[in-house]
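The lines below spell out each chain.
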Amino acid sequence: MPIPDMPPRFAGDPDPLGIDLHMHSTASDGTLSPAALVALCAERGLALMALTDHDTVAGVEAAQRAAREHGIALLAGTELSTRWSGLNIHVVGLLPQGAQGRLVEGLAAQAEARARRAEVIAERLAKVGLHDALARAREQAGSERPLGRPDFARALVAAGLVADMGEAFRKHLGNGKAGDVKAHWPPLAEAVAWIRDAGGVAVLAHPLRHGLTRRKRGLLLDDFVAAGGQAAELVSGFQNPDVTRDLARQLDERGLYASLGSDFHFPGRHLAPGSMSAVPRTAVPPVWTHPWLASWLEAPPRATCTAL
Ligand code: AMP
Ligand code: MN
Ligand code: MN
Ligand code: MN
C-alpha cells in the first residue's frame, strides 16, 4: 500500500500538504493519547504522520494500532533532548524500523536523565516557593511517564505562584532560568549517532526557535551535518516566509533534506495536526524522499510494526 500523494519536491503549494512529522501525545507532554491523536490526524485528512514524543517511543505501538484502524500512515519517531554550545537542542528521529540498536539504550538513558533532572528542577523550584514540587509535577502529569518542564509549569500555576504557563516559563523554567536544567542531556552528536544506529533519519527540530543569529544557526547546522544529521525542519508550525526561504538556503548549502511539522501538543490553541506555514518552492528535497524513508513509504507500513 504505497502512500498516495507524497509530493516529490516542494513546488510552492500554498495548501497544507497533509503531512505532519512532529507531534506529541500523553507519552510525553501532549494531552491526547496516541490513539486520540491519530484519530484527530485522520479526521483532519492527513496522509502521513509521525509521533515524536520527547525522549521516548512509548506511544508508538498504540499509535500504530490506531493508524491501521484509520488507514493513515504513521512513522515511528522521537524527539531527543540534547546539548550543543550550552543550548538545549532537539533532534527528531524518524524511525522507519522503530527503536533499535544503540537508540534503545539511548532512550533508557534519556528516561533516567529526565528522572534525575526532575529532582534538580524540584530543588530549584523549592527556592522560589514551590514545595513538594516533584509530587506536584507528578500530579499534573497524571501518569508515571517521565516528567518535563511543562509539568512543573502547570504545578506553578496550580499553586498560584504564576498566572499561566507563559509566565512560568518566562520567570522560572525558560532558557537560562533556574528550572532550565540541561546538564543531563547528551551531546548533540551522540543523539544523532543513536538515531542513525536505529536506521533512522536525524532531523534538526525547529532550528528557528532558539533565537540564534543566522551565523550561529549555520554553525549548528554544520555540526549537525558533521555528526551525521540528514535533515532539518524547514517549517515548524507558523513562521515568516522570508525566514523560511533563508533557512532553505542554509539547508541547500549543506545538502540537508527538509522536514516539516506542527509540533502539536494539545487542542484548543492556534496549532492543530497538519497546521503549519506553507513550504515555499525550493530545491531542498523533502525528507520523505530520503532513501531510508522512501523505501519505507513504498512498502506496506504495517510491515515495520513488529520491529517496534
Ligand atoms: P522539557 O522537555 O522538559 O525540556 O520541556 C520542554 C517543553 O516545554 C517543550 O517541548 C514545550 O512543550 C514546552 N515549552 C517550552 N517553552 C514553553 C513556553 N514558553 N510555554 C509553554 N510551554 C513551553
Ligand atoms: Mn513539548
Ligand atoms: Mn522541541
Ligand atoms: Mn516537539
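Just so we're clear, the structure is a prediction, and the values are computed from it rather than from any experiment. (Residues numbered from 1 in each chain as written. Chains lettered and ligands numbered in written order. Predicted model: local features only at pLDDT ≥ 70, side-chain atom pairs only at ≥ 80, totals over all residues. Heavy atoms only, no water.)

Student: Break down the nonpolar core for me, citing the residues and quoting the values.
Tutor: Judged by nonpolar contacts, the single largest core of 70 residues is most densely connected at L94, L251, V287 and W288. Excluding anything up to four places from it in sequence, W288 contacts M6, P7, F10, L17, I19, L21, L260, L293, A294 and L297. I121, A133, L147 and F152 belong to the second-largest nonpolar core, a separate cluster that totals 17 residues. (Core = buried A, V, L, I, M, F, W, Y, C linked by side-chain atoms within 4.5 Å. Buried < 20%, exposed > 50% of the residue type's maximum accessible area, 1.4 Å probe, protein only. Contact = heavy atoms within 4.5 Å.)

Student: Go over empty space enclosed by the protein with me, naming the residues and quoting the values.
Tutor: Counted under the stated rule, the structure contains two cavities of 30 Å³ or more. Of the voids in this model, the largest cavity is the one considered here, and its volume is about 60 Å³. Around the largest cavity sit D15, P16, L17, G18, I19, L260, G274, M276, S277, A278 and V279, which together line it. Each residue belonging to the lining of the largest cavity can be placed in one class, and the counts come to seven nonpolar, three polar and one charged. Lining the second largest cavity are A27, H54, D55, T56, A111, R114 and P146. For the lining of the second largest cavity, the class distribution of residues is three nonpolar, two polar and two charged. (1 Å grid on protein atoms, 1.4 Å probe; cavity = no way out; pocket = protein on both sides within 12 Å on 5 of 7 lines; lining within 4 Å. Points joined across faces, edges and corners; volume = space filled by probe spheres on them. Nonpolar A, V, L, I, M, F, W, Y, C, P; charged D, E, K, R; others polar.)

Student: Any details on the coordination of the manganese ion (ligand 4)? Residues and values, ideally.
Tutor: Those donors, H22 (NE2), H24 (NE2), E79 (OE) and D263 (OD), are the protein atoms that reach the manganese ion (ligand 4), and they lie 2.1 to 2.2 Å from it. Site description for the manganese ion (ligand 4): donor spacing in sequence, H-x1-H-x54-E-x183-D. Between the manganese ion (ligand 4) and the manganese ion (ligand 2), a separation of 4.7 Å is found. Of this pair, H24 sits in the loop between strand 1 (19-20) and helix 1 (34-43) while E79 is found in strand 3 (residues 73-84), placing the two residues 55 residues apart along the sequence. (Donors = N, O, S within 2.8 Å, 3.2 Å for Na, K, Ca; no water. Helix = DSSP H or I, 4+ residues; strand = E, 2+ residues; numbered from the N terminus.)

Student: Run through unusual backbone geometry, naming residues and quoting values.
Tutor: Although it is not a glycine, D132 sits at a positive phi angle of roughly 55°. Residue position: D132 is located in the loop between helix 3 (102-126) and helix 4 (133-141). Residue classification places D132 among the exposed residues on the basis of a relative accessible area of 60%. Not every positive phi belongs to a glycine, and D263 is a case in point at roughly 60°.

Student: Which residues make up the site of ligand 1, and what values do they have?
Tutor: In the vicinity of ligand 1, the residues found are D29, H54, R114, R117, G148, R149, P150, F169 and H265. In this structure, H265 approaches ligand 1 through a side-chain N or O atom, which is 2.9 Å from an oxygen atom. Judged by the proximity of its atoms to the pocket grid, ligand 1 belongs to the largest pocket. Elements that contribute at least two residues to the shell around ligand 1 include exactly helix 3 and helix 5 (149-158). By residue class, the composition of the shell around ligand 1 is two nonpolar, three polar and four charged. (Near = heavy atom within 4 Å. Polar contact = N/O pair within 3.5 Å; in protein donor to acceptor, adjacent residues only side chain to side chain. Sits in = over half its atoms within 2 Å of the grid points.)

Student: Break down the sheet that holds strand 6 (residues 231-236) for me, with residues and values.
Tutor: Across the sheet, which stays open at both edges, the seven strands sit in the order 1-2-3-4-5-6-7 with mixed pairing between neighbours. At either end of the open sheet lies a strand with only one pairing partner, and these are strand 1 and strand 7 (257-261). Two strands pair when backbone bridges link them, and strand 1 and strand 2 (residues 48-51) are joined in this way by two bridges, in the parallel orientation. Counterpart to D20 in the pairing with strand 2 is M49. Of the strands in this sheet, strand 3 and strand 4 (87-95) touch helix 3, which is tilted by about 55° from strand 3. (Pairing = 2+ DSSP bridges. Axes fitted to C-alpha atoms, helices over the stretch in contact; angles between N-to-C directions.)

Student: Lay out the packing of aromatic side chains with the relevant residues and their values.
Tutor: Under the defined criterion, the tally for this structure stands at one aromatic pair. Ring geometry for F10 and W288: centres 5.7 Å apart, planes at 80°, overall edge-to-face. Remark: W288 occurs in the loop between strand 7 and helix 10 (291-298) and F10 occurs in the segment before strand 1; sequence separation between them is 278 residues. Each member of the pair, F10 as well as W288, carries the same accessibility label: buried. (Phe/Tyr/Trp six-rings, centres within 6.5 Å; stacked < 30°, edge-to-face > 60°.)

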